[in-house]
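# A look at the structure
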Amino acid sequence: MPKRVSLFVTCMVDQLFPKVGLAMADVLERLGYTVDSPEDQTCCGQPAFNSGYRAEARTVARHFLKTFESAEAIVVPSGSCTSMVAHHYAELFHKEPETLARVHALEKRVFEFSTFLTEVAGVEDVGARLEEIVTFHDGCHALRELGIRSAPRRLLSRVRGLELREMTPAEECCGFGGTFSVKFAELSGAMARTKIEAIQRTGARTVVSLDPSCLMQIQGACSRAGLPIRTMHLAEVLASR
Amino acid sequence: MSAEFQQKIHETLADANLQLAIYTATGRLKDKRVENVAPDVLPDYQELRAQANAIKKHTIENLDYYLEEFERNVEAHGGKVVWCKDAGEVSDFILGLAKERRARLIVKSKSMTTEEIDLNESLEHQGLESVETDLGEYILQLAHERPYHIVAPALHKTRYDVAGIFSKNLHVPEETVPEKQTAIARAVLREKFLAADIGISGANFLVADSGAVCIVENEGNARLTTTAPKIHIAVAGIEKLIPRAQDLATFLKLLARSATGQALSVYTSFLSGPRRAGAGEIDGPDEFYVVLLDNGRTKLLPDRARRQSLYCIRCGACLNTCPVYRKIGGHSFPWVYSGPIGAIITPQFMGVGHEPGLPFASSLCGACGEVCPVKIDIPKVLLDLRSEVKKAEAREGHSRLERLAFRAFAWVMTHPRVYAMAGRMAAAVAPASDGGWIRHLPAPLAVGPLKAWLSQRDLPPPPARSFRDLWRMR
C-alpha cells in the first residue's frame, strides 16, 4: 500500500475551485498519507481529445506522463479526468509501443478520489460531519467509464448528520460535456435545467458530485435560475467536521 | 456545423408541447426497457449482449461468406436475391418488375432501409401508389413527414395531431380517441392490402443457414404485406445477416425488450420463399425477392472500430435513453437515422461533410453504449468521427481559429509557468465578485465560448489564488 500520494488536481480545480484540492489533501493527510502535488502539472488533455484534436491531446498527455511518471499513486478529484488517463491515453498512443507501455504502467496508479479511499485506503468513515440534506449527482464518466456507483454513496453514508436523498432519474447527464457546453449551449442549458428539476424534487439544498465540471454546470444553471441550491465536491463534504 | 442543424435544434427546444411529447414518449419506452432487462426478469441479459456482440462481430467479419450462403438458400426455396449498390438500383429493380407485372398498387410495412433510399418518392414519381401500412408510418405518409424515431416513427404526434391529419387527408370527422383512429386507418388499409399487387417489407434478420427473412412487428401489417399480394419484396441492408436460425434465440430475446420493453413482439414472422403450391401450401406470395442493399455499408468494413456500427439491430434503445435525442428529437438530425446510432452511421454512410456538427452533438455521457443490446461502443465511434471531421477541416482550411486555439492550448499546457501566468492574468481581468457567480461580462470579454456559456449559465468567479499558489503557501 502506498504511503505517499501525488495529487493531480486537474486544471479546473487548480484555476477555479482550489478549495476542492485542499479538501482532498486534508482528507488524505488525516488518513496518514504524505501528500505532494507536482509543480509541473497542468491538464490531462481531454478538451483537445474530445474536440477531435488528437495530436494536441497527445502533446498534453506526454506532459502528464512525464510529470507523474515517478508518482506512487495519483489521486484525482474527477472521474472524467481519471478516465481520460486510465482509458483514453491507451487509445491515443496505440501506435507508439514505448509510450503505450509507459501509459499501461501509469494507468494502474491513477485513482479517482472516492475509489482511492474505498479501494486502496480501505476506509468508508473518514470522520466527517455535515448537518445537511444532500443529493448525489453521478458524473457520466465516473459512472459509465469507471463503474463508480457505490463508493461515493458508502462514503456519504458515514458522514455524521448527513442525509442522502437519491434523485430520479439519477443517471441522466447534466449536459456539461466539455466543449459541448459551449458548442451546443442552448441544448446543454436545457439538459442542465432538466437535471435541476430532478434535484429540486429531492428537496435537498446541496448537490454533491465527484466531478467539478458537472458541479460547475449545475451551479451555473442554479445560479442563473436564482435557486438556493449549492454544490459541493465530495472532498469538501468529507473534509467537513 | 450547418445553420440548418442549429436552427432545427433551436426550434425543437423552443416548442414546449413537442418537448413534453418527446420526453414523455421516450421516457415510457426507456422505463419499460429497464423493467424488462432487470436481473430478476432476464438474469442472463449481460451474457446475451456479449453473445449478440460476438455473433455480429463474427458475421460482419465474414460477411461475404454468409451473404453467399444466404443467397444459395433463398434460391433453393424458389426465391431470388437482388444485389443493389444504391437507391437507384433498388428503384430500377422494383419499377422494372412492377412494369412487367403491370402492378399499380404497392403496400409497405415499416422499413428504415426503404426510408434511407426514399423509395416511396421514387415509386410515386413513376405513377405507382405506395401505401405505408404501419400505423405510425401511415400517419406520417399522410402528413408528408419522415420518421421521427427508428421504432416509434410518429412518436412526436399527439392524438390531436392525428385527428387533424386524418380529417384533412381522409375526409373523416375529427376523431381523437386512439382506438377509433386505429379503426379508421384499418378500414382504409384493409382495402389496400386486398387490392395490392406488390408488398414491400424490410427485414429484422436475414438468416443465412435457412435463407429466411425474419420480421418482428406488433400490428400484423407486415404479415399482410408479405403474404396477401402476389409478389413480396424484402429490402434489407447487408448487415442484417445472422449465420444460423438458432442465433435468433439470442437476438429475439434482446430486440423487443430493448425496443419497446416487450418480452417478444406480437408477431414474429419467418418468411422463406414463395408459396409452394406443389407441397400443398395455401398461403404466401407467388414471387419472393430479397433486395440486398449496400448504400455505403461496405465502406465501413475495413476499419475495426468503425464496422461495429453495422452490428445495429435498430431497436432504438439508444434514442430513448439519450439526453440529447430527448431534447432535440428526431427531425433535428440531418438524415433518416436519428439519435446516437444516427450520429455514428450518418457520417459514415454519407461522409463526415454531410453534417460536420453531428458527431459533436453529444455530451459523451455514454448512456447509449450502456443500453445497446449488441454493445456498440457508440461514444468511441463518435470520438473517432470527431477526429476525422477535424482532419477534414484542416485539409479544407476550415475552423482555422479553433485549430489555432487548440494548438495554443497544447502549448500552454506543456509550459507550466506560462499556464500559471495565464491563469493569473485571467483572474486579474475577471470582474470583481462578492463570491456570487458572474452573470454578465464586459463586452470585450463576452465573446466566443464565454458568451456561449453565459447565454445559459452563470460563471464561477475566479478565486484570488489558484490551487498551485495556495499549495506553495501551505
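Residues numbered from 1 in each chain as written. Chains lettered and ligands numbered in written order. Predicted model: local features only at pLDDT ≥ 70, side-chain atom pairs only at ≥ 80, totals over all residues.

On to the overall build of chain A, then. Within chain A one finds 13 helices and eight strands. Radius of gyration (C-alpha) of chain A: 17 Å, near the 18 Å computed for a compact globule of 241 residues. Taken along its principal axes, the extent of the C-alpha atoms in chain A is 50 × 45 × 25 Å. Buried residues in chain A amount to 57% of all 241 residues. Nonlocal contacts in chain A, meaning residues at least 24 apart in sequence, comprise 78% of its contacts between residues at least 6 apart. (Helix = DSSP H or I, 4+ residues; strand = E, 2+ residues; numbered from the N terminus. Rg over C-alpha atoms; globule rule 2.2 N^0.38 Å. Buried ≥ 20, exposed ≤ 12 C-beta atoms within 10 Å, placed from the backbone. Contact = placed C-beta atoms within 7 Å.)

Another point: the packing of helix α11 (residues 185-202) of chain A against helix α1 (residues 3-14) of chain B. At a minimum axis separation of 10 Å, α11 of chain A and α1 of chain B run at an interaxial angle of 30°. Comparing their axes, α1 of chain B and α11 of chain A come out roughly parallel. As for the relative orientation of α11 of chain A and α1 of chain B, their crossing is left-handed in sense. Judged by residue contacts, E186, L187 and A190 of chain A of α11 of chain A engage I9, H10 and L13 of chain B from α1 of chain B. Classifying every residue of the contact of α11 of chain A with α1 of chain B by side-chain character gives four nonpolar, one polar and one charged. (Axes fitted to C-alpha atoms, helices over the stretch in contact; angles between N-to-C directions. Parallel < 35°, antiparallel > 145°, perpendicular 65-115°, else oblique. Left-handed = near helix turned anticlockwise from the far one by under 90°. Nonpolar A, V, L, I, M, F, W, Y, C, P; charged D, E, K, R; others polar.)

Residues and elements named next belong to chain A. Relative to the helices and strands, A73 resides in the loop between α4 (54-68) and β3 (74-76). Sequence-wise, A73 and F111 are 38 residues apart; in three dimensions their C-alpha atoms are separated by 7.4 Å. Beyond its immediate chain neighbours, meaning those up to four positions away, A73 contacts P2, V5, R109, F111 and V120.

This next bit is on the environment of I60 of chain B. All names here are of chain B. Here I60 lies in helix α3 (residues 45-61). Each C-alpha atom, one on I60 and one on I238, is 9.2 Å from the other, the two residues being 178 residues apart in sequence. Those residues within four positions of I60 in sequence are excluded, and the remaining contacts are E239, R307, L310 and Y311.

On to the interface of chain A and chain B, then. Taken residue by residue, the interface counts 52 residues in chain A and 47 residues in chain B. For the side of chain A that touches chain B, the secondary structure elements donating two or more residues are α1 (10-15), α2 (18-30), α3 (46-50), α4, α8 (140-145), α10 (180-183), α11 and α12 (212-225) of chain A. A per-element tally of the side of chain A that touches chain B places α11 of chain A first, with eight residues. Taken together, the residues that form the side of chain A that touches chain B break down as 23 nonpolar, 18 polar and eleven charged.

Looking at chain B, pLDDT values average 96 and 100% of them are 70 or higher. Two summary scores accompany this predicted model of the complex, namely pTM at 0.96 and ipTM at 0.97. (pLDDT = per-residue confidence, 0-100.)

Turning next to the sheet that holds strand β8 (residues 241-242) of chain B. All names here are of chain B. Spatially, four strands are ordered β8-β5-β6-β9 in an open sheet, and the strand pairing comes out mixed. With one partner strand each, in any of the chains shown, β8 and β9 (267-271) form the two edges of the open sheet. Where strand β5 (residues 205-207) and β8 come together, two bridges link them in parallel fashion. The residue of β8 that forms the bridge with L206 is L241. On top of the sheet, helix α12 (residues 248-260) reaches β5, β6 (212-217), β8 and β9; it is set at about 25° to β6, its chief contact. (Pairing = 2+ DSSP bridges.)

Right, let's talk about the pairing of strand β10 (residues 287-293) of chain B for a bit. Consecutive residues of a regular strand have side chains that alternate between opposite faces of the sheet. All names here are of chain B. When you tally the buried positions in β10, you get six out of seven residues, the bulk of the element. With five bridges joining them, strand β1 (residues 80-84) and β10 adopt parallel strand pairing. Across the sheet, the residue bridging to V81 is V290, located in β10. Alignment of strand β7 (residues 231-237) against β10, held across seven bridges, turns out to be parallel. Of the residues in β10, the one forming a bridge with V235 is V291.

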